[in-house]
Amino acid sequence: MDLNTFMKHLHTYRAPRVFNPWREYEPGLDIGPSAPEIRYHNLQRYLELRLNAHYLFIAARKCGPKKCWVSGTISAPAIRIPLC
């Protein structure tokens, strides 16, 4: 899957009880309605610059206000979802 396809899937993803920070706006946490677009473009630029990098990109899941879980077993307390 190329980067543009990945970003399109990420942006259009919807599921019950799932907040998509690259698509949805949270008035109580975001600085404004443009926050999802800012996050989306920041991630896209980050990944574009690393397409030919020779290191591992780790995707976290189960992100909460205190930490994220990587691969379901490794706690990564320093990982935060940036709220614009």
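Residues numbered from 1 in each chain as written. Predicted model: local features only at pLDDT ≥ 70, side-chain atom pairs only at ≥ 80, totals over all residues. Heavy atoms only, no water.

A look at the side chain of Gln44
Reasoning step 1: Relative to the helices and strands, Gln44 is located in helix α2 (residues 35-49).
Reasoning step 2: The exposure class assigned to Gln44 is buried, which follows from its relative accessible area of 15%.
Reasoning step 3: Excluding anything up to four places from it in sequence, Gln44 contacts Leu3, Asn4 and Met7. (Helix = DSSP H or I, 4+ residues; strand = E, 2+ residues; numbered from the N terminus. Buried < 20%, exposed > 50% of the residue type's maximum accessible area, 1.4 Å probe, protein only. Contact = heavy atoms within 4.5 Å.)

Looking at unusual backbone geometry
In terms of backbone geometry, most residues other than glycine have negative phi values and most peptide bonds are trans.
Reasoning step 1: Phi at Arg17 takes a positive value of approximately 60°, unusual for a residue other than glycine.
Reasoning step 2: By the element assignment, Arg17 lies in the loop between α1 (3-12) and α2.

A closer look at α2
Reasoning step 1: Across its 15 residues, α2 extends 21 Å between first and last C-alpha, which sits within 8% of the 21 Å expected from 1.5 Å per residue.
Reasoning step 2: Buried within α2 are the following residues: Ala35, Pro36, Arg39, Tyr40, Leu43, Gln44 and Leu47. Looking straight down α2, one finds that the buried residues subtend no more than 170° of arc, so they occupy a single side. (Expected span 1.5 Å × (residues − 1). Arc of directions from axis to C-beta.)

What about the pattern of salt bridges?
Reasoning step 1: Taken as a whole, this structure holds 2 salt bridges when the rule is applied.
Reasoning step 2: Arg39 serves as the salt-bridge partner of Asp30, at 2.7 Å between the closest nitrogen and oxygen. For the residue pair Asp30 and Arg39, the accessibility class agrees, reading buried in each case.
Reasoning step 3: Residue Arg45 pairs with Glu48 through a salt bridge whose shortest N-O separation is 3.6 Å. Of this pair, Arg45 and Glu48 both sit in helix α2, 3 residues apart, which is roughly one turn of the helix. (Salt bridge = Lys/Arg side-chain N within 4 Å of Asp/Glu carboxyl O.)

The quantities given are spatial measurements derived from coordinates; they are silent on function.
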